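Read off the chains here:
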Amino acid sequence: MRTASLVIIGAGVIGASVAYHLARRGWRQILVLDRSRGPGQGSTGKATGGFRAQYATPINVRLSLLSRDKLRCFTEETGGNAGYLPAGYLWLASTASELEVLRAARRVQHQEGLTEAVEVGPEEIARLNPAVALDEVIGGAFCPSDGFIRPLGIVEGYLTAAQRLGVELQWQVEVTGFRRGQGNRIAVVETSRGPVSTAAVVNAAGPWAAQVAQWTGLDLPVAPLRRQVAATASTNLLPDTMPMTIFTIDGFHLRVREGRILLLWPTPGVPGRPFDTGVDDEWIEAVVEKAHRRVPVVGRAAIDRDACWAGLYEVSPDKHAILGAAPGCPNLFLLNGCSGHGVMHAPALGQLLAEVISDGAASTVDVSALRPSRFREGDLNPVSEML
């Protein structure tokens, strides 16, 4: 039987960040296991690469601000390229009630230090994104330090830097269960390549996190949720520096990435098939219709059906991350349920979990709002369907 000081299940952006930050704090014999063939084969590689600090709860704003600080020095710190581009996020409101939701969130953002987030009227919106049809728009919100990142650049940067610090990374390894020891602690991780004796385990299994947690008897409230992306053929109709533009009324949004316009609109997954990542033709027709009406120039771009894709969010009941030791299993550490914010918050979350594992508590940011016990305690974070 081989031995590791700590086993991380999942080499996506979350597991990669945890591995790097633990190694940087002096941990040795860290083993990262992933069933994929290589970096970016899971949810991280399906992310569209948005970054924002315009959230409605203090903890998410704080996570974004910490991540933003780390993204700005990512190359210096890891040697990788996070691709942080502060092109902005532009939220558009069609009703007074939507505008008030954006205003309430901005009050939280300003309290947490995101003072550059501002309200914008139709004239400013037309300047920020001239392509938007304003007939449905009465105002909105904009933050110039929001923008875009490179998901694969972040995961590869953290994995490469972690390996330089001695982390061992194994691909195409299936974790199949745990053996428990004294004090209900995990003593052995069972894998398709044999058992691994370990002192601690990190569950960074993304949409599959609940299955991993179940091996300890924990009912982890994390579920997969499909998100589809329609991509146009290469076009120069809109610039790569166009802000992420979001219609608050239904969540339709779009951005430009590598010369393609990406169209997004959140819808439920496939009933009875939670891990299905197919793309529905009917959904493509619907999202294209929205795009043509709201951003008319998109009508001059053809959809490239082969370039469309879908990925999985890992959603918690309050759409906030779950961070900390698992109830009833003190050496199983959870970093799950990021609910679509995983890539952008990974730099912060990896550092914070490394603090929890190493020191017993996070010191950079108070993460009590993310504690795993909050669901049992009935103390969930407020949920904003818009933000």
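Above this text is the structure in question.
As the structure is a prediction and not an experimental result, all values here were calculated from the model.

### What about the pairing of strand 14 (residues 223–231)?
Note that strand 14 and strand 18 (residues 309–315) share 7 bridges and pair antiparallel. Looking at strand 18, one finds that Pro224 is bridged to Glu314. As paired elements, strand 14 and strand 17 (residues 260–264) share 3 bridges and run antiparallel to each other. Opposite Val229, over in strand 17, you have Leu264 as the bridge partner.

### Some remarks on the sheet that holds strand 9 (residues 168–170)
Spatial strand order, 9-3-2-13-20-19: 6 strands in an open sheet with mixed pairing. Both edges of this open sheet fall to strand 9 and strand 19 (322–326), since each of them pairs with a single strand only. When strand polarity is set aside, the average angle formed by the axes of neighbouring strands in this sheet is 20°. Pairing between strand 3 (residues 30–33) and strand 9: 3 bridges, direction parallel. Bridge pairing in strand 9 links Val32 to Leu169.

### Concerning the pattern of salt bridges
Across all of its chains, the model carries 24 salt bridges by this definition. Here Glu116 and Arg68 are joined by a salt bridge, their closest N and O atoms 2.9 Å apart. A residue pair is termed long-range when its members are at least 10 positions apart, and Glu116 in the loop between helix 4 (96–111) and strand 6 (118–120) and Arg68 in helix 2 (residues 58–72) qualify at 48 residues. Given the relative accessible area of 23%, Glu116 is considered partly exposed.

### Focus on the packing of helix 1 (residues 13–24) against helix 9 (residues 342–359)
Put simply, helix 1 and helix 9 touch, their axes get as near as 8 Å, and they point 40° apart. Comparing the axis directions of helix 1 and helix 9 gives the class oblique. Considering the relative orientation of helix 1 and helix 9, their crossing is right-handed. Only Gly342, Val343, Ala346, Pro347, Leu349, Gly350, Gln351, Leu353, Ala354, Ile357 and Ser358 of helix 9 make contact with helix 1, whose side of the interface consists of Val13, Ile14, Ser17, Val18, His21 and Leu22. Counted by class, the contact of helix 1 with helix 9 contains 11 nonpolar, 6 polar and no charged residues.

### Here we look at the nonpolar core
By size, the foremost hydrophobic cluster in this structure holds 61 residues, and its most contacted members are Ile8, Ile154, Val202, Leu323, Leu349 and Leu353. Taken together, the elements giving at least two residues each to this core come down to strand 2 (6–9), helix 1, strand 3, helix 2, helix 6 (151–164), strand 20 (329–336) and helix 9. Tallying contributions element by element places helix 9 first for this core, with 10 residues. Residues within four places of Ile154 in sequence aside, it is in contact with Val13, Leu71, Phe74, Asn81, Ala82, Ile149 and Val343. Membership of the second largest hydrophobic core comes to 30 residues, among which are Val137, Met242, Trp283 and Ala310.

### Things to note about the packing of aromatic side chains
Using the criterion set out here, one finds 7 aromatic pairs in the structure. When the ring of Phe51 is compared with that of Tyr84, the centres are 5.9 Å apart and the planes differ by 80°; the resulting orientation is edge-to-face. Here Phe51, found in strand 4 (residues 50–51), pairs with Tyr84, found in the loop between helix 3 (74–78) and strand 5 (89–93); they are 33 residues apart in sequence, far enough to count as distant. When its relative accessible area of 0% is taken as the criterion, Phe51 is described as buried. Taken together, a centroid distance of 5.6 Å and an interplanar angle of 15° make the contact between Trp208 and Phe275 stacked. Of this pair, Trp208 sits in the loop between strand 13 (201–203) and helix 7 (209–214) while Phe275 sits in the loop between strand 17 and helix 8 (281–294); the two residues are 67 residues apart in sequence, bridging distant segments of the chain. Taking relative accessible area as the criterion, Phe275 reaches 32% and is therefore assigned partly exposed. Among the aromatic residues, those joined into a cluster by ring pairs are Tyr20, Phe74 and Tyr158. Against the face of Phe148 rests Arg255, its NZ or CZ located 3.9 Å from the ring centre.

### Some thoughts on the pairing of strand 19
The buried fraction of strand 19 amounts to 4 of the 5 residues, a majority that puts the element mostly inside the structure. Pairing analysis gives 5 bridges linking strand 19 to strand 20, with the strands arranged antiparallel. What sits directly across from Leu323, in strand 20, is Leu335. Hairpin connection between strand 19 and strand 20: a loop of 2 residues separates the two successive antiparallel strands, and Gly328 in this loop has a positive phi of roughly 85°.

### Considering the packing of helix 2 against helix 9
Relative placement of two packed helices is described by the angle separating their axes and the distance separating the axes. Taken N-terminus to C-terminus, the directions of helix 2 and helix 9 make an angle of 95°; their axes are 7 Å apart at the nearest point. On the basis of their axis angle, the class for helix 2 and helix 9 is roughly perpendicular. Residues Asn60, Leu63, Ser64, Leu66, Ser67, Lys70 and Leu71 of helix 2 form the contact with helix 9, whose own contacting residues are Met344, His345, Ala346, Pro347, Ala348, Leu349, Gln351 and Leu352. In the contact of helix 2 with helix 9, the residues fall into 9 nonpolar, 5 polar and 1 charged.

About the thresholds
Residues numbered from 1 in each chain as written. Predicted model: local features only at pLDDT ≥ 70, side-chain atom pairs only at ≥ 80, totals over all residues. Heavy atoms only, no water. Pairing = 2+ DSSP bridges. Helix = DSSP H or I, 4+ residues; strand = E, 2+ residues; numbered from the N terminus. Axes fitted to C-alpha atoms, helices over the stretch in contact; angles between N-to-C directions. Salt bridge = Lys/Arg side-chain N within 4 Å of Asp/Glu carboxyl O. Buried < 20%, exposed > 50% of the residue type's maximum accessible area, 1.4 Å probe, protein only. Parallel < 35°, antiparallel > 145°, perpendicular 65-115°, else oblique. Left-handed = near helix turned anticlockwise from the far one by under 90°. Contact = heavy atoms within 4.5 Å. Nonpolar A, V, L, I, M, F, W, Y, C, P; charged D, E, K, R; others polar. Core = buried A, V, L, I, M, F, W, Y, C linked by side-chain atoms within 4.5 Å. Phe/Tyr/Trp six-rings, centres within 6.5 Å; stacked < 30°, edge-to-face > 60°. Lys NZ or Arg CZ within 6 Å of the ring centre and 35° of its normal.

These values are about where atoms sit, not about what they do.
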